[in-house]
Amino acid sequence: MIWELLRRLQRWSELDSCLNRYVFGIADASGDGVQFGARVNLGRGNRQASKETEIMSLPLEGIKVIDYTGVQAGPACSQMMAWFGADVLKVERMHTGDNTRIQLRDIPNADALYFTMVNSNKRSLEIDTKTPEGKAILEELISRADVMIENMAPGALDRQGFTWEHIHELNPRLIFGVVKGFPDGSPFSDLKSYENVAQCAGGNASTTGFWDGPPTVAGAALGDSNSGMHLLIGVLAALLQREKSGKGQRVFMSMQESVLNLCRVKLRDQERLERVGYLEEYPQYPNGTFGDAVPRGGNAGGGGQPGWVLKCKGWETDPNSYIYFTIQDSNWPRTAEAVGHPEWASDPKYTTAKARQPHIFQIFAEIEKFLADKTKFEAVNHFRKFEVPSSPVLSMKDLKHDAFLQKIGSIVEVPHKVRGSYWTVGCPMKFSEFTPEIKSSPLLGEHTDEVLREIGYSNEQIVKLHEKNVVGSTGIGSKSKSEEPVLSLK
């Protein structure tokens, strides 16, 4: 879905970017492209783009995004838009900026990895939007933008005077993307939300973990980054609809609902449980008991194909010497052969999934005996010959240093002006027509003066705004005087 949305948006943005450059004369003096001050009118004018533009441009080139976000959910959404070519301007408060710039720092006086990993390819404007001058600047930026993303605390932007109604009045074509913890009108809508709050509210925690333990949150950012990705889909859809209607709209994404959307199979299980009183693929069946809500199932497979995390050679000292092993019913004879028990293929106690379930853990225990002299990689290489669905449990160290993931750009090394090069996650989608380039995150206020000039402020006016502490460029003072960092060869 994202690819189709991007493909169609690319067609419109390429054509109108060209039209705006030549008809409205908004190319910058250096010839480097459209400035933030340029309004992009998608869907108007000549629809014949040049071959050169078609090859060189990115799908969201020409789209102007105001990133009024913090922490992870909103920044993750706008970062991907930046990867796809949008001009994303991160609006940050004076002196401190996004909280994640200083959270969990590993290098003193440098932006933390928490910030750099969700804010690449953006520009930064440091500004006090509570001042009359700062509010006027933000209003001007809104009037020129295509998209605005915000995920502040409930009501925070409204209290500054930037309600949806005011934003829509300033720019009727603007797409306003919003992330909050809970849906509009929810009994919990006034609550602030973070990653684990969302996981607990959306059904993940109650269904994750072991049946004899407490609700457990996942390590993946199901509440934060996942909400950002859901919002991205909504924003792209709204941009396409704007080409038909000419109107902007508010796109709201709650973290609770984004988690719930990924827990849909658990809602499936709740309906089944209410109807028949048990769930046959869960470890509690047939010897355990079920309550009135979907239980926690440990590492059991949730799609009708039993599976479990199994020990491999070295598990005593390596906490990740495991594989995930799946028993695919249609492949049972080959699975039995693969684990050294070909007789199971014809034994009535094993031939069907229903027959295997009562002693599924005895089966897994036997397979672990087979794996005792094999590393997790040796085990998977063995099972692939028999088409058994399996995977090594890969640690973050395994993933960071994976040569293949580095080669395809899923793990990338990025230079930074202050902290030096760092590794981060690259674009997970792979496109046949373009490859996003992952660039550094901005320093706090690095582009403040540049942006103000683009929207018509003179150098004298900019100096006065700095003197009045309306805007700043705090990060530039921390910029290393040394040469641009060189990527390591590791």
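Please read these numbers as outputs of a predicted model, since none were measured by experiment.

S.K.: Please explain helix 15 (residues 376-384) as it appears in this structure.
M.R.: Given 3.6 residues to a turn, an α-helix orients residues that are three or four positions apart in the same direction. When we look at burial in helix 15, the residues that qualify are Lys376, Ala379, Val380, His382 and Phe383. Projected down its long axis, helix 15 carries its buried residues within an arc of 160 degrees, all on one side. For helix 15, the elements touching its buried residues are strand 8 (322-326), helix 12 (332-338), helix 14 (360-371), strand 9 (390-392) and helix 16 (396-400).

S.K.: I keep staring at the sheet that holds strand 6 (residues 250-254) and nothing clicks. Help me out?
M.R.: The strands that make up a sheet pair up through hydrogen bonds in the backbone, lying either parallel or antiparallel. Strand order in the open sheet made by the seven strands is 6-5-4-1-2-3-12, with mixed pairing throughout. Single-partner strands in this sheet number two, and they are strand 6 and strand 12 (471-472). Across the sheet, helix 3 (residues 73-83) touches strand 1 (64-68), strand 2 (87-92), strand 4 (147-150) and strand 5 (175-180), and the angle it forms with strand 2 is around 150 degrees. Along the sheet face, helix 10 (residues 255-262) touches strand 5 and strand 6 and points at about 65 degrees away from the line of strand 6.

S.K.: For this particular structure, what's the right way to read empty space enclosed by the protein?
M.R.: Taking a probe equal in size to a water molecule and rolling it over the atoms shows the remaining empty space. Scanning the entire structure with this criterion turns up one cavity of 30 Å³ or more. The calculated volume of the largest cavity comes to roughly 60 Å³. If you go around the largest cavity, the residues you meet are Glu281, Tyr282, Pro283, Ala300, Gly301, Pro306, Gly307, Trp308, Gln357, Ile360, Phe361 and Phe364. Going through the elements one at a time, strand 7 (307-311) and helix 14 are the ones with two or more residues in the lining of the largest cavity. For the lining of the largest cavity, the residue count by class is eight nonpolar, three polar and one charged.

S.K.: Would you explain helix 5 (residues 132-144) in this entry?
M.R.: Between its first and last C-alpha atoms helix 5 spans 19 Å; for 13 residues at 1.5 Å apiece the expected length is 18 Å, and the two agree. Buried within helix 5 we find Gly134, Ile137, Leu138, Leu141, Ile142, Ser143 and Arg144.

S.K.: Hey, could you run me through the pairing of strand 11 (residues 422-425) in this one?
M.R.: Strand residues, when the strand is regular, have side chains that alternate between the two faces of the sheet. Burial along strand 11 is one-sided: the residues Tyr422 and Thr424 are buried and none of Trp423 and Val425 is. With four bridges connecting them, strand 10 (residues 411-414) and strand 11 associate as antiparallel partners. In the strand pairing of strand 11, Val412 is matched with Thr424.

S.K.: Looking at this model, I keep getting lost on the confidence of the model for the protein chain. Mind explaining?
M.R.: Atomic detail in the predicted coordinates should be set aside for any region of low pLDDT. On average, the protein chain scores 89 in pLDDT, and the residues at 70 or more come to 86%. Within the model, pLDDT remains below 50 along residues 17-34, and this stretch shows 26 contacts once partners closer than five positions in the same chain are excluded. Within the model, the stretch residues 38-54 combines pLDDT values under 50 with 41 contacts to residues more than four positions away or in other chains.

S.K.: So what exactly am I meant to see when it comes to a nonpolar patch on the surface here?
M.R.: Taken together, Phe210, Trp211 and Phe361 make up a surface patch of nonpolar side chains, about 290 Å² in accessible area. The topology assignment puts Trp211 in the loop between helix 8 (195-201) and helix 9 (225-245).

S.K.: What should I look at first to understand the pattern of salt bridges in this one?
M.R.: As a working rule, side chains carrying opposite charge can pair if their charged atoms are close by. In this structure the tally under the stated criterion is 26 salt bridges. Arg123 is paired through a salt bridge with Glu454; the nearest N and O atoms lie 3.1 Å apart. Taken together, the residues Arg123 in strand 3 (residues 123-127) and Glu454 in helix 18 (residues 448-454) connect sequence positions 331 residues apart. Each member of the pair, Arg123 together with Glu454, is buried.

S.K.: Help me out: how do you make sense of the packing of helix 3 against helix 9 in this one?
M.R.: Packed helix pairs are specified by the crossing angle of their axes together with the interaxial distance, meaning the distance between the axes. Taken N-terminus to C-terminus, the directions of helix 3 and helix 9 make an angle of 50 degrees; their axes are 7 Å apart at the nearest point. Classed by the angle they form, the pair helix 3 and helix 9 counts as oblique. In the crossing of helix 3 with helix 9, the sense of the turn from one axis to the other is right-handed. Only Ser225, Ser227, Gly228, Met229, Leu231, Leu232 and Val235 of helix 9 make contact with helix 3, whose side of the interface consists of Ala73, Ala76, Cys77, Met80 and Met81.

Criteria and cut-off values
- Residues numbered from 1 in each chain as written.
- Predicted model: local features only at pLDDT ≥ 70, side-chain atom pairs only at ≥ 80, totals over all residues.
- Heavy atoms only, no water.
- Buried < 20%, exposed > 50% of the residue type's maximum accessible area, 1.4 Å probe, protein only.
- Helix = DSSP H or I, 4+ residues; strand = E, 2+ residues; numbered from the N terminus.
- Arc of directions from axis to C-beta.
- Contact = heavy atoms within 4.5 Å.
- Pairing = 2+ DSSP bridges.
- Axes fitted to C-alpha atoms, helices over the stretch in contact; angles between N-to-C directions.
- 1 Å grid on protein atoms, 1.4 Å probe; cavity = no way out; pocket = protein on both sides within 12 Å on 5 of 7 lines; lining within 4 Å.
- Points joined across faces, edges and corners; volume = space filled by probe spheres on them.
- Nonpolar A, V, L, I, M, F, W, Y, C, P; charged D, E, K, R; others polar.
- Expected span 1.5 Å × (residues − 1).
- pLDDT = per-residue confidence, 0-100.
- Patch = residues over 30% accessible without salt bridge, like charges linked within 9 Å, V, L, I, M, F, W, Y side chains within 5 Å.
- Areas by Shrake-Rupley, 256 points an atom, 1.4 Å probe, with all protein chains shown as cover.
- Salt bridge = Lys/Arg side-chain N within 4 Å of Asp/Glu carboxyl O.
- Parallel < 35°, antiparallel > 145°, perpendicular 65-115°, else oblique.
- Left-handed = near helix turned anticlockwise from the far one by under 90°.

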